[in-house]
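Coordinates in review
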Amino acid sequence: MSVAENITFIKSHLKQGVQLVCVSKFHPVEALQQAYDAGQRIFGESKVQELCEKQESLPTDIQWHFIGHLQTNKIKYIIPFVSLIHGVDSVKLLTEIDKEAAKTGRKVNCLLQVHIAAEETKFGFSPSELMDWISLGDFEQYEHVNICGLMGMASNTNDEDQVRCEFKELKQLFDKLKTAAFASNESFSEISMGMSGDYEIAMQEGSTLVRIGSAIFGPRLY
Ligand SMILES: *Cc1c(COP(=O)(O)O)cnc(C)c1O
């Protein structure tokens, strides 16, 4: 199946209110252009340099999402144009994004990444750590970031029950935070969860943004 066919197929399976982030990391601009021509406008990249290069050579109405682990010394390169940063996994990173965004006068959309997987290697706040930090109220001091919701990655396993449990945990945490701290904040509305292998489950559990790469472009050649 072609890139365009894959996009059409996935879009026809999205639940209402769910948006597709086309994860294009490691794929050439020609492949992104095919997705663009099929109507896709949201693209996700995980490396700053790659993101910046692609942004310069593709149409300007693309919304670029950063989905990787962001190093503080590279924030400044994406701040001028990034439309959503998914993986904000520490208070330090949020603080640095706020500082860099202040220099440009932009207010940058961010998702807080929560560690929901059983694996040790994935980045993110633990749910209790995030609840504790939010309850301090410190997040209100950030004037140049817009906290739009949460992002998480489930364990890389075939055990669907476990994956479902992890997505449920993220949704529950989102609901708790919404009630406790973000009730009056309309932009706190996104739950980024679900990839090629588990997006159906993620949508059933309340995802609003699915991040899909290999089901669109095939395997990545590293
Ligand atoms: C690479 C990546 C994806 C896409 O993974 P696929 O399995 O190819 O759909 C989604 N989210 C993050 C954070 C990624 O790094």
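Below or above, wherever it landed, is the structure these notes cover. Model, not experiment: these values are computed from the prediction. (Residues numbered from 1 in each chain as written. Predicted model: local features only at pLDDT ≥ 70, side-chain atom pairs only at ≥ 80, totals over all residues. Heavy atoms only, no water.)

Things to note about the overall build of the protein chain
Per the secondary structure count, the protein chain includes nine helices and eight strands. At 17 Å, the protein chain has a C-alpha radius of gyration in line with the 17 Å of a compact globule built from 222 residues. A principal-axis box enclosing the C-alpha atoms of the protein chain has dimensions of 50 × 45 × 30 Å. Counting the 222 residues in the protein chain, one finds 48% classified as buried. Considering only contacts in the protein chain between residues 6 or more positions apart, those separated by 24 or more positions represent 58%. Split by element, the accessible area of the protein chain, about 10700 Å² in all, is 49% carbon and sulfur. The positive charge centre, built from 21 side chains, and the negative charge centre, built from 30, are 2 Å apart in the protein chain. (Helix = DSSP H or I, 4+ residues; strand = E, 2+ residues; numbered from the N terminus. Rg over C-alpha atoms; globule rule 2.2 N^0.38 Å. Buried < 20%, exposed > 50% of the residue type's maximum accessible area, 1.4 Å probe, protein only. Contact = heavy atoms within 4.5 Å. Areas by Shrake-Rupley, 256 points an atom, 1.4 Å probe, with all protein chains shown as cover. Lys, Arg positive; Asp, Glu negative; His and termini not counted. Charge placed at Lys NZ, Arg CZ, Asp CG, Glu CD.)

Some words on the side chain of Glu45
Its place among the elements puts Glu45 in strand β2 (residues 42-45). At 3.5 Å, the side chain of Glu45 forms a polar contact with the backbone nitrogen of Lys25. Apart from residues no more than four positions distant in its own chain, Glu45 is found in contact with Ser24, Lys25, Phe26, Leu32, Glu50, Leu51, Lys54, Trp64, His65, Phe66, Ile67 and Gly68. (Polar contact = N/O pair within 3.5 Å; in protein donor to acceptor, adjacent residues only side chain to side chain.)

Brief notes about the packing of aromatic side chains
On inspection of all chains with the given rule, the structure shows seven aromatic pairs. Aromatic side chains Trp133 and Tyr142 sit 6.4 Å apart centroid to centroid with 55° between the ring planes, which places their arrangement in the tilted category. By relative accessible area, which is 9% here, Trp133 ends up buried. Relative accessible area serves as the criterion here: at 8%, Tyr142 is assigned to the buried category. Cluster of aromatic residues (ring-pair linked, three or more members): Phe125, Trp133, Phe139, Tyr142, Phe174, Phe182 and Phe188. Arg41 extends its terminal NZ or CZ atom over the ring of Tyr36, reaching a point 3.5 Å from the ring centre. (Phe/Tyr/Trp six-rings, centres within 6.5 Å; stacked < 30°, edge-to-face > 60°. Lys NZ or Arg CZ within 6 Å of the ring centre and 35° of its normal.)

Digging into the site of the ligand
Around the ligand, the neighbouring residues are Val23, Lys25, Ile67, Met151, Met153, Met195, Ser196, Arg211, Ile212, Gly213, Ser214 and Arg220. In this structure, an oxygen atom belonging to the ligand sits 2.8 Å away from a main-chain N or O atom of Gly213. Considering the ligand on its own, with 390 Å² of exposed area, one finds that the protein chains cover 89% of that surface. Partitioning the shell around the ligand into residue classes produces six nonpolar, three polar and three charged. (Near = heavy atom within 4 Å. Nonpolar A, V, L, I, M, F, W, Y, C, P; charged D, E, K, R; others polar.)

Here's the deal with the pairing of strand β6 (residues 145-152)
Residues in a regular strand point their side chains to alternate faces of the sheet. The buried count for β6 comes to eight of eight residues, which makes it a mostly enclosed element. In terms of strand pairing, strand β5 (residues 108-114) meets β6 through seven bridges, oriented parallel. Pairing of Gln113 across the sheet is with Met151, part of β6. (Pairing = 2+ DSSP bridges.)

Thoughts on the side chain of Gln113
If you trace the backbone, Gln113 turns up in strand β5. Within the structure, the side chain of Gln113 is placed 3.3 Å from the backbone oxygen of Phe123, a separation counted as a polar contact. Beyond its immediate chain neighbours, meaning those up to four positions away, Gln113 contacts His86, Gly87, Val88, Asp89, Phe123, Gly124, Phe125, Met151 and Met153.

Thoughts on the nonpolar core
Residues Ile78, Ile97, Leu112, Leu130 and Leu150 are the most contacted members of the largest nonpolar core, which totals 64 residues. Examining the composition of this core, we find that six residues originate from one element, helix α7 (residues 160-180), more than from any other. Apart from the residues within four sequence positions on either side, Ile97 is in contact with Leu70, Ile75, Ile79, Ile85, Val88, Val108, Cys110 and Val145. Counting seven residues, the second largest nonpolar core, distinct from the first, contains Val21, Leu111, Cys148 and Leu209. (Core = buried A, V, L, I, M, F, W, Y, C linked by side-chain atoms within 4.5 Å.)

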